Amino acid sequence: MKLVVVAGTPGSGKTSVLLHTIQALKRRGNKPAVVKVDCLWTDDDKRFARLEVPIRVGLARDMCPDHFTIYNTEPMLQWAEEEGANVLLNETAGLCLRCAPYPDSCLAVCVIDVTTGPNTPLKVGPLLTTADIVVMTKGDIVSQAEREVFRERVLEVNPECMVVEANGLSGKGAIELAELIEEGIEADVEDMTLRYNPPLAICTLCSGEKRVERKYHMGVLRHLDGFMEYKGE
Amino acid sequence: MSNPIKLTIIGGINKDGTKEAIDRVEVSPGDILGIVGPTGSGKSTLIDDIEQLAQGDTPTGRRILINDEEPDTKMRVDPRLKLIAQLSQNMHFLADMTVSEFLQMHARSRGKDPELMHKVIELANTLTGEPIHEDDPLTVLSGGQSRSLMTADIAVISDSPIVLIDEIENAGIKKQEALELLAGEGKIVVVVTHDPVLALMASRRIVIKNGGMNDIITTSTEEKNVGDRVSEVDNWMMDLREIIRRGEVVEGVV
């Protein structure tokens with residue numbers, strides 16, 4: 001099972017890019033499944049359902065959305081396995097610029113909107129700097145020169161990443177992204193750790209836990225299906 | 001300017017998924033190739049395929065060859081190796097920078113001398129009425145100023161052997177001069193246009209229909225003559241426009 005974690009600021013075009021990428025993946029014989037995580041509300045599941053792929057929604061509500069994503073990575077992969085998928089696309093709520101919900105054995109994709117201006121890559125933080133692939137969207141709205149300046153800024157903060165120029169309306173970039181997903185590594189939840197340190201605060205992640213397996217998590221925790229429990233002393 | 005190159009477009013499929021009528025188009029240095037067709041027919045998609053150096057990996061399945069060969073992947077993504085400069089339909093600047101900061105950064109992204117920005121601004125000011133200044137914030141430039149600046153940027157900084165132009169006629173700049181400037185010596189120019197002046201400046205034009213390359217028309221001598229006459233009318237219109245702009249009257253000039 002390959003795990004693709006898609007992050008990026010709200011409105012950057014994560015869902016639109018994913019919809020085209022799913023079609024490209026399916027045409028190439030893959031079986032993608034999708035978990036869409038949001039904070040309070042989403043109807044993106046309806047858009048994904050039209051593509052006839054297994055889809056689940058997780059709402060983090062009062063839990064940190066990145067911690068919610070990380071805490072539920074293990075059951076997400078299990079669910080995708082049961083659905084017979086070979087790729088799990090996890091679209092995160094994509095809000096927090098402090099941490100990034102990318103585990104090591106996944107393909108970390110950061111979607112970023114070119115129209116936010118070439119200074120944005122300098123502000124985004126680990127969401128961008130620890131990504132494997134940076135997808136630049138809405139490039140059709142600006143000039144080639146502005147796209148090139150934006151790309152230069154992305155490479156300044158993340159010199160190792162692959163930059164893909166995509167268009168959520170036309171589907172440009174989707175095939176390139178599908179190819180990169182196919183080349184990606186297999187997810188291994190057992191030894192999975194996060195790429196970046198979460199902030200120090202009061203939850204298990206906030207206190208420095210980086211292991212993904214469920215048994216390591218304590219505090220007030222929300223399951224994918226909404227069930228909440230307290231684990232700890 | 002890099003070495004002259006040959007551009008080949010290998011046909012793919014149209015919007016219905018059937019094979020395009022035109023299977024192969026070859027363009028040599030110095031050629032101006034037009035792309036015509038109704039709105040929404042897929043003209044910009046063909047430009048995008050060329051810009052991306054598509055290798056059957058875009059929705060049209062087209063392939064783009066350079067000197068009869070599949071180009072290296074690096075050429076597709078690295079602006080320093082890019083063979084293609086593009087003047088797109090959308091020409092708003094959104095970057096929160098001054099004209100000089102932006103041009104210097106663009107020059108660096110293309111591996112060029114940042115000092116070229118002076119030359120870009122100077123050239124842009126020959127194409128537009130209102131002068132552009134180095135310290136102007138990009139976002140306050142008018143449509144005409146932005147287009148002029150980008151045209152000059154393509155001529156100086158993105159100096160590439162292939163230039164793609166999408167509907168320059170709506171730009172509010174001196175379009176013939178801009179096209180001649182971009183065409184330069186020995187460049188391949190591909191221009192999407194509805195404008196008879198520009199369409200007839202091209203030696204051939206691809207007709208797009210339903211997402212596919214449906215036909216290719218070679219501009220005949222008779223068409224060239226029509227083109228010359230249309231140019232005269234167009235220049236006359238431009239002169240009148242200038243007179244109106246200066247706040248003068250057009251009585252007696254007809």
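Residues numbered from 1 in each chain as written. Chains lettered and ligands numbered in written order. Predicted model: local features only at pLDDT ≥ 70, side-chain atom pairs only at ≥ 80, totals over all residues. Heavy atoms only, no water.

(A) Looking closely at the nonpolar core. One finds A:Leu88 and A:Tyr102 to be the most contacted residues of the largest nonpolar core, which totals 42 residues. When residues of this core are traced back to their parent elements, those giving at least two are strand E1 (2-8), strand E2 (32-38), helix H3 (65-71), helix H4 (73-82), strand E5 (107-113), helix H6 (126-129), strand E6 (133-137) and helix H7 (144-157) of chain A. Sorting elements by how many residues they give to this core places H4(A) first, with 4 residues. In terms of domain composition, this core takes at least three residues from each of domain 1 (2-183) and domain 2 (201-232) of chain A. Beyond its immediate chain neighbours, meaning those up to four positions away, A:Tyr102 contacts A:Val5, A:Ala7, A:Ala108, A:Val109, A:Cys110, A:Pro126, A:Leu127, A:Thr130, A:Ala131, A:Thr193, A:Leu194 and A:Arg195. The next biggest cluster of nonpolar side chains, apart from the first, holds 35 residues, and it includes B:Phe102, B:Met105, B:Ile121 and B:Ala202. (Core = buried A, V, L, I, M, F, W, Y, C linked by side-chain atoms within 4.5 Å. Buried < 20%, exposed > 50% of the residue type's maximum accessible area, 1.4 Å probe, protein only. Helix = DSSP H or I, 4+ residues; strand = E, 2+ residues; numbered from the N terminus. Domains from an automatic or database assignment. Contact = heavy atoms within 4.5 Å.)

(B) Up close: the pairing of strand E9 (residues 212-218) of chain B. All names here are of chain B. With 6 bridges joining them, strand E8 (residues 204-209) and E9 adopt antiparallel strand pairing. When the sheet's bridge partners are listed, Ile-206 is paired in E9 with Ile-216. Here E8 folds back onto E9, and the loop between the two strands holds 2 residues, one of which, Asn-210, carries a positive phi near 50°. (Pairing = 2+ DSSP bridges.)

(C) Expanded view of the domain arrangement of chain A. Residues and elements named next belong to chain A. By the assigned domains, chain A splits into domain 1 (2-183) and domain 2 (201-232). The gap between the C-alpha centroids of domain 1 and domain 2 is 24 Å. The interface is formed by 17 residues belonging to domain 1 together with 15 residues belonging to domain 2. Between domain 1 and domain 2, a total of about 1,500 Å² is buried, with carbon and sulfur atoms accounting for 64% of that surface. When the buried surface of domain 1 facing domain 2 is broken down by residue, His-67, Tyr-71 and Glu-74 rank first, second and third, together holding 43% of it. Across the domain 1-domain 2 interface, the total number found is 1 salt bridge. The shortest N-O distance in the salt bridge between Asp-62 and Arg-222 comes to 2.9 Å. If you look at where domain 1 meets domain 2, you find 7 residue pairs in polar contact (both at pLDDT 80 or more). Breaking the side of domain 1 that touches domain 2 down by element, the ones donating at least two residues are strand E3 (55-59), H3 and H4. Looking at side-chain class alone, the side of domain 1 that touches domain 2 contains 9 nonpolar, 4 polar and 4 charged residues. (Buried area = accessible area lost by both parts, 1.4 Å probe. Salt bridge = Lys/Arg side-chain N within 4 Å of Asp/Glu carboxyl O. Polar contact = N/O pair within 3.5 Å; in protein donor to acceptor, adjacent residues only side chain to side chain. Nonpolar A, V, L, I, M, F, W, Y, C, P; charged D, E, K, R; others polar.)

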